[in-house]
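Single-letter residue listing:
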Amino acid sequence: MPAFFWTGILSVIIGIILASAFSAILVYAQDLIPTKIGTVSGLFFGLAFGLGGIGAALLGKLADHTSINFVYHVCSFLPALGILTAFLPEVTARRARGN
């Protein structure tokens, strides 16, 4: 069995999970700026796919200079960035004030 057999399988599962969350993230962003729905949607789609492409290129460059195992270890810490979502603004409080 190849060393990275589970990579393909887990990549598909992770991709499905991320794709299912994208619409909720987009709606949350539209709630933050309700008068500019088209602008927010375009900005989020552009940033999501643009930064994803840049990130893939940078991880590929890192793998060229180090090893694929090192890149796997680096990527294993990236979900910890999700802790930063605790600092997102509270939308329900803004609605209650009428903003």
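Everything below is about the structure shown above.
Residues numbered from 1 in each chain as written. Predicted model: local features only at pLDDT ≥ 70, side-chain atom pairs only at ≥ 80, totals over all residues. Heavy atoms only, no water.

Draft legend 1. Seen up close, the overall build of the protein. Looking only at helices and strands, one finds 4 helices and 0 strands in the protein. Put simply, the protein has 99 residues, and 7% of those count as buried. In the protein, 41% of the contacts between residues at least 6 apart in sequence involve partners at least 24 apart. Total accessible area computed for the protein in this model is approximately 7,800 Å², and 75% of it derives from carbon and sulfur atoms. (Helix = DSSP H or I, 4+ residues; strand = E, 2+ residues; numbered from the N terminus. Buried < 20%, exposed > 50% of the residue type's maximum accessible area, 1.4 Å probe, protein only. Contact = heavy atoms within 4.5 Å. Areas by Shrake-Rupley, 256 points an atom, 1.4 Å probe, with all protein chains shown as cover.)

Draft legend 2. Just the side chain of S41, in detail. Here S41 is to be found in helix 2 (residues 37–65). Among the residues examined, S41 registers a relative accessible area of 13% and is labelled buried. Not counting residues within four places of it along the chain, the set of residues in contact with S41 comprises L26 and Q30.

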